[in-house]
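The primary structure of each chain is shown beneath.
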Amino acid sequence: MVILLGGAVSGALGAPDTAPPAAYCAPAAVSTVSKAAQPPAGGFAPPKVTLFAPMLALVPAGPSRAARATSLFDHQTGFYRRFIFHPEFSLQLQKVTDQMPPRGATLLMAPRLYSRDDIAWQHGVDGAHSIHVIGTPDGPHYLFALAKGPAAQIEPNQFRSAFTLRPLDNFDSTPWPLSVIGTLDADLRLDGYDSHSVVDVPAAFLRECYGDLREPWDIAPGEFNHHDRAALDRLRIQMPTLYARLRPYLHLNNLLDEFASSDGVPLVLVDLDAQIHPEAFARFPHFAAFYSRIAPRVDVRTTIDDGAGHRWAYIRFNRGRLRLVFMDFDGMLRPFDAHFRPAGSPVALDALTRGSYRVTMQLHYTRFKLTFGLDDLTFITDYTRDPNGVRFVTRMPAAPTLVAPPVVRQVIRMLAEQFMSTMAEGDGGMKATFDWHSSGVDSTELTARWRAELSYSPMLKVLVPVADAIADAHNAAVRDDERRMGEELFDAFLDDYNSAKPRLLALDDRPGGH
């Protein structure tokens, strides 16, 4: 929600990434929606209730749902603050962290890392070398420390993880294996939450994504008008503290567009187009220096689609300009085409029991007019939902395409091909799993697991300086600034939430309950 807030409004910065048609139209004849469409039609939420209403989805439906949701959130705010903004490492864990190779080289050098005896590995079956970590609240901080082994069970608000390397070959004649299986497992127990809330809260948020749902309708994406102003007014009135905190950071060109549709329900294209103001980071000098150094060189595009050209979302950060696009029909997500026109039926996320989607990324980093990066970095995710919770299983179907200056492109691609192909396809291929499930009465647990085969690729160290240029710049002082800035926004959100709590609790008095 916070990404929709902005500052001063002006004209567009230029043509959109994919040029829209001269006139926008729905896929069938357009019908007229009443100018006095109040309250919002269909599944859109009433405008004057509270933008915090999606928080009800944190807990299971039933009597006193708002009271239960606010009680849970109030109880957990201390955990959120410690875990996100005040992490601490024990001395032993900090030593292990310092012994690890630069972040850009960790995967490339994993087989060699496996054989280092100066790291406090725990030894397991099949030659596995592991590092186990436990996290727990510790006063005003959240303390991460080395663990002696995998914990049989974790308590509420505790975290555990394990990083493991296991050799795939017998390397008696070499100092390290040619390839290893790398896994990263993490568990976080958060009691009291509905195990479907990770999907249901965003689904409920879609009901809040609109301006005024009134004529005159937009005829093409990207024009700032009364629809955008109405949406910003709701944010400014209902979340004034957070709005004021975020306003200096963004120069907003567009927020959303509203169109008539053949279904008689207004169609909302959330089309956030904003330029980030670097000077607004002056109170956070380390982060400001990092952003000013890195942001002008970075272009990242992410498209989420169904694999057949129908997009669910488009996100781009292009040297300081931010785009976020998705389509909202009657409080449901709707696919769109390359021209931002409807391209299929809407979907209620909280009603889906299974499905799949594809994420395609392009990551470019330019320095001295030389561009390095990856194209067609693709992940396919299968989603399932059952009474016990939700699961996302992600795999990489093929190796991405390496981007490099023409003079070295062929050489670097030749060096990178084996490593990337092995990670994508070796030993069953890269796989990541995210689970949010019930683990007992009033007990919920978030589980994440990543696994891939990693081959030894010493020649690829020529690519490491590109990644390490970013990693080195993103140092502890920068991360401290990020946490201070994030905590300011968190405090602003809490201030608005506490002001809105009476309206939120009043939802329990509505006929029909929750």
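Since we're looking at a predicted model, the values are computed, not measured.

1. Focus: the pattern of salt bridges
Then, number 1: In the structure shown here, the tally under the stated rule is 23 salt bridges.
Then, number 2: Residues Asp 187 and Arg 160 are paired through a salt bridge, measuring 3.4 Å at the closest nitrogen-oxygen approach. In this pair, Asp 187 sits in strand 6 (residues 179–189) while Arg 160 sits in strand 5 (residues 159–167), placing the two residues 27 residues apart along the sequence.
Then, number 3: The partner of Arg 341 in a salt bridge is Asp 337, and the shortest N-O contact between them spans 3.4 Å.
Then, number 4: Residue Arg 341 is classed as partly exposed on the basis of its relative accessible area of 24%.
Then, number 5: Of the residues examined, Asp 337 reaches a relative accessible area of 19% and is grouped as buried.

2. Section: the nonpolar core
A general trend in soluble globular proteins is that nonpolar side chains are found buried together.
Then, number 1: Leu 165, Tyr 249, Phe 281, Phe 287 and Phe 326 are the most contacted members of the largest nonpolar core, which totals 116 residues.
Then, number 2: At eight residues, the largest contribution of residues to this core is made by helix 10 (residues 476–505).
Then, number 3: When neighbours within four sequence positions are excluded, Phe 281 is seen to be in contact with Tyr 249, Ile 276, Phe 287, Ala 288, Tyr 291 and Met 485.

3. Here we look at the packing of aromatic side chains
Note on aromatic pairs: each is described by the distance of the centres and the angle between the planes.
Then, number 1: Taken as a whole and assessed by the stated rule, the structure comprises 27 aromatic pairs.
Then, number 2: Linked through ring pairs, Phe 52, Phe 73, Phe 79, Tyr 80, Phe 83, Phe 89, Tyr 142, Phe 144, Phe 159, Phe 493 and Tyr 497 together constitute an aromatic cluster.
Then, number 3: Lying over the aromatic face of Tyr 210, Arg 234 brings its terminal NZ or CZ to 4.2 Å of the ring centre.
Then, number 4: Directly above the aromatic system of Phe 329 lies the positively charged group of Arg 334, at a separation of 5.0 Å from the ring centroid.

4. Focus: the side chain of His 227
Then, number 1: Counting through the fold element by element, His 227 comes out in helix 5 (residues 226–238).
Then, number 2: At 3.0 Å, the side chain of His 227 and the backbone oxygen of Pro 216 are in polar contact.
Then, number 3: Of note is the side chain of His 227, whose polar atom sits 2.8 Å from the side chain of Glu 258.

About the thresholds
Residues numbered from 1 in each chain as written. Predicted model: local features only at pLDDT ≥ 70, side-chain atom pairs only at ≥ 80, totals over all residues. Heavy atoms only, no water. Salt bridge = Lys/Arg side-chain N within 4 Å of Asp/Glu carboxyl O. Helix = DSSP H or I, 4+ residues; strand = E, 2+ residues; numbered from the N terminus. Buried < 20%, exposed > 50% of the residue type's maximum accessible area, 1.4 Å probe, protein only. Core = buried A, V, L, I, M, F, W, Y, C linked by side-chain atoms within 4.5 Å. Contact = heavy atoms within 4.5 Å. Phe/Tyr/Trp six-rings, centres within 6.5 Å; stacked < 30°, edge-to-face > 60°. Lys NZ or Arg CZ within 6 Å of the ring centre and 35° of its normal. Polar contact = N/O pair within 3.5 Å; in protein donor to acceptor, adjacent residues only side chain to side chain.

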